[in-house]
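# Structural description and commentary
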Amino acid sequence: MTAQTDVSDSVTTVYKVTGMSCGHCEGSVSGEISQLPGVSSVKAVASTGEVTVVSVAPLDDETVRDAVDEAGFELAGKA
């Protein structure tokens, strides 16, 4: 799977986040990342630790890291 792909004027990036274990965790991470400018959708999956983000342009990794930190988890990098 490609970590970042361009599809119809949007960018899909898959990140690995450590520490998620339940639906509440998924909601916390999704909620923080979805507030970032340009983000159109976020899907977090606790069982895999993957967070798929669709945005209008590539996101700054440090900005995503800060959002994940704010949710109480750790960004391990791109999947």
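Just so we're clear, the structure is a prediction, and the values are computed from it rather than from any experiment. (Residues numbered from 1 in each chain as written. Predicted model: local features only at pLDDT ≥ 70, side-chain atom pairs only at ≥ 80, totals over all residues. Heavy atoms only, no water.)

Here the focus is helix 1 (residues 23-34). Its 12 residues give helix 1 an end-to-end C-alpha distance of 16 Å, which sits within 8% of 16 Å, the value for a rise of 1.5 Å per residue. Turning to helix 1, its buried residues number three or more, namely Cys25, Val29, Ser30 and Ile33. The buried residues of helix 1 occupy an angular sector of 125 degrees when projected down its axis, which confines them to one face. For helix 1, the elements touching its buried residues are strand 2 (10-18), strand 3 (39-45), strand 4 (50-55) and helix 2 (61-71). (Helix = DSSP H or I, 4+ residues; strand = E, 2+ residues; numbered from the N terminus. Expected span 1.5 Å × (residues − 1). Buried < 20%, exposed > 50% of the residue type's maximum accessible area, 1.4 Å probe, protein only. Arc of directions from axis to C-beta. Contact = heavy atoms within 4.5 Å.)

Right, let's get into the nonpolar core. Judged by nonpolar contacts, the single largest core of 19 residues is most densely connected at Val17, Met20, Val29, Ile33, Val51, Val64 and Phe73. Listed by contribution, the elements that provide at least two residues to this core are strand 2, helix 1, strand 3, strand 4 and helix 2. For this core, the element with the highest residue contribution is helix 2, accounting for 4 residues. (Core = buried A, V, L, I, M, F, W, Y, C linked by side-chain atoms within 4.5 Å.)

To continue, consider the pattern of salt bridges. Tallied over the full model, the rule gives 2 salt bridges. A salt bridge links Asp61 to Lys78, with the nearest nitrogen and oxygen atoms 3.7 Å apart. Note that Asp61 is positioned in helix 2 and Lys78 in strand 5 (residues 74-78), a separation of 17 residues in sequence. Between Glu62 and Arg65 there is a salt bridge, with the nearest N and O atoms lying 3.4 Å from each other. Pair noted here: Glu62 and Arg65 are both in helix 2, with a separation of 3 residues, about one helical turn. Relative accessible area serves as the criterion here: at 27%, Arg65 is assigned to the partly exposed category. (Salt bridge = Lys/Arg side-chain N within 4 Å of Asp/Glu carboxyl O.)

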